[in-house]
Amino acid sequence: MASARVKFTVKLTNAAGGGDYVIYLKHQWLGTGTAALVLPKTTATAAAGETVIEFASIDVDAKATDVYDIMIDGLAGDNLANGAIRITSDNPSVFDPAAGTRFVPLHTCTLRTAI
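Calculation criteria
Residues numbered from 1 in each chain as written. Predicted model: local features only at pLDDT ≥ 70, side-chain atom pairs only at ≥ 80, totals over all residues. Heavy atoms only, no water. Helix = DSSP H or I, 4+ residues; strand = E, 2+ residues; numbered from the N terminus. Buried < 20%, exposed > 50% of the residue type's maximum accessible area, 1.4 Å probe, protein only. Contact = heavy atoms within 4.5 Å. Areas by Shrake-Rupley, 256 points an atom, 1.4 Å probe, with all protein chains shown as cover. Phe/Tyr/Trp six-rings, centres within 6.5 Å; stacked < 30°, edge-to-face > 60°. Core = buried A, V, L, I, M, F, W, Y, C linked by side-chain atoms within 4.5 Å. Salt bridge = Lys/Arg side-chain N within 4 Å of Asp/Glu carboxyl O.

A. The overall build of the protein, seen in detail. Helix and strand counts for the protein come out as one helix and nine strands. Put simply, the protein has 115 residues, and 36% of those count as buried. Contacts in the protein between residues at least 24 apart in sequence constitute 74% of all its contacts with a sequence separation of at least 6. Accessible area of the protein: about 6500 Å², with a carbon and sulfur share of 55%.

B. Expanded view of the packing of aromatic side chains. All chains considered together, the criterion is met by two aromatic pairs. For the pair phenylalanine 8 and tyrosine 68, a centre-to-centre distance of 5.6 Å together with 50° between the ring planes defines the contact as tilted. With phenylalanine 8 in strand 1 (residues 3–13) and tyrosine 68 in strand 6 (residues 67–74), this pair connects stretches of sequence that are 60 residues apart. Neither residue differs from the other here; phenylalanine 8 and tyrosine 68 are each classed as buried. Considering the side-chain rings of tyrosine 21 and phenylalanine 55, the 6.3 Å spacing of their centres and the 50° angle between planes classify their relative orientation as tilted. On the criterion of sequence distance, the pair formed by tyrosine 21 in strand 2 (residues 19–28) and phenylalanine 55 in strand 4 (residues 53–56) is long-range, its members being 34 residues apart.

C. Quick look at the nonpolar core. In this structure, Val6, Phe8, Val10, Tyr21, Leu25, Phe55 and Ile70 are the most contacted members of the largest nonpolar core, which totals 21 residues. Secondary structure elements with two or more residues in this core: strand 1, strand 2, strand 3 (36–46), strand 4, strand 5 (60–63), strand 6 and strand 7 (82–89). It is strand 1 that contributes the most residues to this core, five residues altogether.

D. Structural context of the pattern of salt bridges. Tallied over the full model, the rule gives two salt bridges. Its salt-bridge partner being aspartate 61, residue arginine 5 comes within 2.8 Å of it at the nearest N-O pair. Of this pair, arginine 5 sits in strand 1 while aspartate 61 is found in strand 5, placing the two residues 56 residues apart along the sequence. Of the charged contacts in the structure, one is a salt bridge between lysine 7 and aspartate 59, with a shortest N-O distance of 3.8 Å. Placement of lysine 7 in strand 1 and of aspartate 59 in the loop between strand 4 and strand 5 is noted, with a sequence separation of 52 residues between them. The exposure class assigned to lysine 7 is partly exposed, which follows from its relative accessible area of 32%.

E. Unusual backbone geometry, seen in detail. Of note, the amide linkage connecting leucine 39 to proline 40 takes the cis form, showing an omega dihedral of 10°. Within the secondary structure, proline 40 is located in strand 3. Of note in this structure, asparagine 14 is not a glycine but carries a positive phi near 60°. Tracing the backbone through its elements, the reader meets asparagine 14 in the loop between strand 1 and strand 2. Residue classification places asparagine 14 among the partly exposed residues on the basis of a relative accessible area of 45%. Of note in the backbone geometry, leucine 30 takes a positive phi value of approximately 55° without being a glycine. Relative to the helices and strands, leucine 30 resides in the loop between strand 2 and strand 3.

Below, the structure is given as structure tokens:
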């Protein structure tokens, strides 16, 4: 089974700003079973007025059938946030046969409001 070293970069636009954002990954091995939390979680503070924010994940080793959930704990005012996820891999055939980088819409990740 093919494997690759993968990094996810998430760009949020129209973010509320003025508070803490937490980004982390959940990993489901071979696409089955319970998803496990991938540590470390990253917490970044966006100052008031900072409405375009980018986060980069750690590099992870992935198999072609692995499932990764990209989780963002945002702020109450982030209901208008949108953006994109860039997936970069050292083995493009695992994630995209056309290129080593792929963009996917933000709705494929989970943007949660902090409680």
